[in-house]
Protein chains: 2
Amino acid sequence: MISQEDQSFLVQHLSFWEHLTPSQQTLLFEHTHLVHFSAGQTLHSGDKDCIGIILIKNGSLRTYMLSEKGKDITLYRLFGGDLCTLSASCILNHITFDVHIDAEEDTEALLIHTSIFSQLIKENIYVENFSNKTTVERFSDVMWAMEQMLFMSFDERLALFLLDESAKCGCPTLKFTHEQIAKYIGSAREVVSRMLKYFEQEGLVKLSRGGVTITDKAALKQRFFTH
Amino acid sequence: MISQEDQSFLVQHLSFWEHLTPSQQTLLFEHTHLVHFSAGQTLHSGDKDCIGIILIKNGSLRTYMLSEKGKDITLYRLFGGDLCTLSASCILNHITFDVHIDAEEDTEALLIHTSIFSQLIKENIYVENFSNKTTVERFSDVMWAMEQMLFMSFDERLALFLLDESAKCGCPTLKFTHEQIAKYIGSAREVVSRMLKYFEQEGLVKLSRGGVTITDKAALKQRFFTH
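Residues numbered from 1 in each chain as written. Chains lettered and ligands numbered in written order. Predicted model: local features only at pLDDT ≥ 70, side-chain atom pairs only at ≥ 80, totals over all residues. Heavy atoms only, no water.

- Per an unreviewed UniProt entry, chain A carries the name Crp/Fnr family transcriptional regulator and comes from Holtiella tumoricola.

Digging into the relation of the copies chain B and chain A
One copy of the chain maps onto the other through a rotation about an axis followed by a shift along the same axis.
Next up, step 1: By a simple turn and slide, chain B fits onto chain A: the slide is 0.0 Å along the axis, the RMSD is 0.1 Å, and the turn is 180 degrees. Both copies are brought into coincidence by an operation consistent with a two-fold rotation axis. By C-alpha distance to the rotation axis, the residue of chain B lying nearest is B:Asn129, at 2.3 Å.
Next up, step 2: The share of interface residues of chain B whose copies in chain A are also at the interface is 100%, consistent with both copies meeting through the same surface. (Least-squares fit on C-alpha atoms with pLDDT ≥ 70 in both. Contact = heavy atoms within 4.5 Å.)

Things to note about the state of the cysteines
Residue and element names in this part refer to chain A.
Next up, step 1: If you walk through the whole model with that rule in mind, you get four disulfides over all chains.
Next up, step 2: One disulfide in the model links Cys169 with Cys171; its S-S distance is 2.0 Å. Disulfide Cys169-Cys171: torsion about the S-S bond near -95 degrees, hence left-handed.
Next up, step 3: On the accessibility criterion, Cys171 (23% relative accessible area) is partly exposed.
Next up, step 4: Sequence-ordered numbering of the bonded cysteines in chain A gives a disulfide pattern of 1-2, 3-4.
Next up, step 5: There is no disulfide at Cys84, and the cysteine sulfur nearest it, in Cys50, is 11 Å away.
Next up, step 6: You can call Cys84 buried: its relative accessible area is 0%. (Disulfide = S-S within 2.5 Å. Buried < 20%, exposed > 50% of the residue type's maximum accessible area, 1.4 Å probe, protein only.)

Let's talk about the domain arrangement of chain A
Residue and element names in this part refer to chain A.
Next up, step 1: Structurally, chain A comprises domain 1 (4-149) and domain 2 (152-225).
Next up, step 2: On a C-alpha basis, the centres of domain 1 and domain 2 stand 30 Å from each other.
Next up, step 3: Contacts between domain 1 and domain 2 engage twelve residues on the former and eleven residues on the latter.
Next up, step 4: The contact between domain 1 and domain 2 buries some 880 Å² in all, and 45% of this surface belongs to carbon and sulfur atoms.
Next up, step 5: When the buried area of domain 1 at its contact with domain 2 is split by residue, Arg77, Gln148 and Met149 rank highest and sum to 49% of it.
Next up, step 6: Where domain 1 meets domain 2, there are one salt bridge.
Next up, step 7: Ionic pairing is found between Glu165 and Arg77, a salt bridge with its closest N-O pair at 2.5 Å.
Next up, step 8: Scanning the region where domain 1 abuts domain 2 turns up three residue pairs in polar contact (both at pLDDT 80 or more).
Next up, step 9: If you list the elements that add at least two residues to the side of domain 1 that touches domain 2, you get strand 5 (72-79) and helix 4 (125-151). (Domains from an automatic or database assignment. Buried area = accessible area lost by both parts, 1.4 Å probe. Salt bridge = Lys/Arg side-chain N within 4 Å of Asp/Glu carboxyl O. Polar contact = N/O pair within 3.5 Å; in protein donor to acceptor, adjacent residues only side chain to side chain. Helix = DSSP H or I, 4+ residues; strand = E, 2+ residues; numbered from the N terminus.)

Concerning helix 3 (residues 114-123) of chain A
Next up, step 1: Taken together, the buried positions of helix 3 of chain A are occupied by A:Thr114, A:Ile116, A:Phe117, A:Ser118, A:Leu120 and A:Ile121.
Next up, step 2: The inward-facing, buried residues of helix 3 of chain A contact helix 2 (22-30), strand 3 (52-58), strand 8 (107-113) and helix 4 of chain A.

Brief notes about the packing of aromatic side chains
Next up, step 1: What the rule picks out here adds up to 17 aromatic pairs over all chains.
Next up, step 2: Ring plane angle 55 degrees and centroid distance 5.4 Å describe the contact between A:Phe161 and A:Phe176, whose orientation is recorded as tilted. Taken together, the positions of A:Phe161 in helix 5 (residues 154-169) and A:Phe176 in the loop between strand 9 (173-174) and helix 6 (178-185) put the pair 15 residues apart, joining distant regions of the chain. Summarising the burial analysis for this pair, A:Phe161 and A:Phe176 share the class buried.
Next up, step 3: Each ring, one from A:Tyr198 and one from A:Phe199, has its centre 6.5 Å from the other, and the planes form 50 degrees; the classification is tilted.
Next up, step 4: Residue A:Tyr198 is classed as partly exposed on the basis of its relative accessible area, which comes to 38%.
Next up, step 5: A relative accessible area of 0% places A:Phe199 in the buried class.
Next up, step 6: Counting every residue linked through ring pairs, the aromatic cluster contains A:Phe97, A:Phe139, B:Phe97 and B:Phe139.
Next up, step 7: Lying over the aromatic face of B:Tyr76, B:Arg138 brings its terminal NZ or CZ to 5.7 Å of the ring centre. (Phe/Tyr/Trp six-rings, centres within 6.5 Å; stacked < 30°, edge-to-face > 60°. Lys NZ or Arg CZ within 6 Å of the ring centre and 35° of its normal.)

Here we look at the interface of chain B and chain A
Next up, step 1: At the interface, 33 residues of chain B touch 33 residues of chain A.
Next up, step 2: Taking both sides of the interface into account, the surface hidden between chain B and chain A amounts to around 3,400 Å²; carbon and sulfur atoms contribute 74%.
Next up, step 3: Considering only the side of chain B, the residues that lose the most area to chain A are B:His94, B:Phe139 and B:Phe151, jointly responsible for 21% of the buried surface there.
Next up, step 4: Taken together, the connections running from chain B to chain A amount to zero salt bridges.

Observations concerning the sheet that holds strand 3 of chain A
Residue and element names in this part refer to chain A.
Next up, step 1: With antiparallel pairing, the four strands of this open sheet are ordered in space as 1-8-3-6. Of all strands in the sheet, those with a lone pairing partner are strand 1 (32-37) and strand 6 (83-84), marking the two edges.
Next up, step 2: Strand direction decides the pairing type here: strand 3 and strand 8, joined by six bridges, are antiparallel. Within strand 8, the residue paired with Gly52 across the bridge is His113.
Next up, step 3: Along the sheet face, helix 1 (residues 4-13) touches strand 1, strand 3, strand 6 and strand 8 and points at about 115 degrees away from the line of strand 3.
Next up, step 4: Strands strand 3 and strand 8 of the sheet are contacted by helix 3, whose axis makes an angle of about 50 degrees with strand 8. (Pairing = 2+ DSSP bridges. Axes fitted to C-alpha atoms, helices over the stretch in contact; angles between N-to-C directions.)

If you want it as structure tokens, here you go:
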């Protein structure tokens, strides 16, 4: 059984809670566990896994598509308080695609097991609606990623990535390898390295071993995002 | 008021029907109208329109994204019996993106007006779930399109488009201009023309004014889709 604290964290984030019967509430607590994912761990891979609904306590998960040839496209990332439903895609009707989900950093989460969630979806329309509603939110995330991917030029995407990451950590230096950046923005390492080098020559960033420092944030913003 | 026949067509396609009260059922009939869209007509454009939920009787609708620079990416198409929810995106919470919807051919449809649908969503959890569920289906369609777009090479996409269209009409000759094909597969006319010419030289298709005829379907399939 999860702790009192985790129980209230769970209840807070499940909008259908009040529509469950007392016995459904007990069942749900009994089939929810505290889980840990290590940085880099894959927790969902296409149609091979179906562990359940994940509510992140802290850390972050990255959802991505993978082509046969190994091309990797980030769809969205989830953080503390976010719910991941695609990790239970096997029980969601109308989801006919497969994604991959990795922990990007050490992540602590509450896992509601597939079996109980599947049962509750059948028994309770509020649970079914909740899972559809949460999945529709992810649809919006994916459309955003798709717009980036299809409509923005590569230098814009790279600049946006650097600015976003810097805003997220509140720091100018990003500890990413060129390989990782390429993965996140759906490109190749060589292409990222070349463009970063160009940005460096332009005085926008400074490159170092395993990291990129934004040296002129205002210029980086102005160059790409003032129309 | 719509005809008896249209009423039963509507009821058949709304899985929440039996969960409505008699007065909600009457209201829904009263606020549903038979509408006609001409081929080429835009019926939804970003956040500017919000006409309601559309149930297609016959014809087809194309949903697409449009970049500032005019690039056009087809997300999915809907046909007779399909439901279009994004034409009422203003009343769907969690939908934060804008799409465009055109009639591809003359289309007859039943339109459930936004006002009544919005009221029913608030009053009835089954209606809310229905709209979320239908939107999740479209999510799957979009993911399919995204995979095509990002993972398939251009010649594969063009070959798949020709084979799909030919299967749809059950005919070898497709009445599309190169401009239209470019639009549907998210490319430029010049690129399409060049590749079609190459396909023709390879004996896969024959080009004519305003049309493409598949001359060797087996070869077209085998070349691109047997791994």
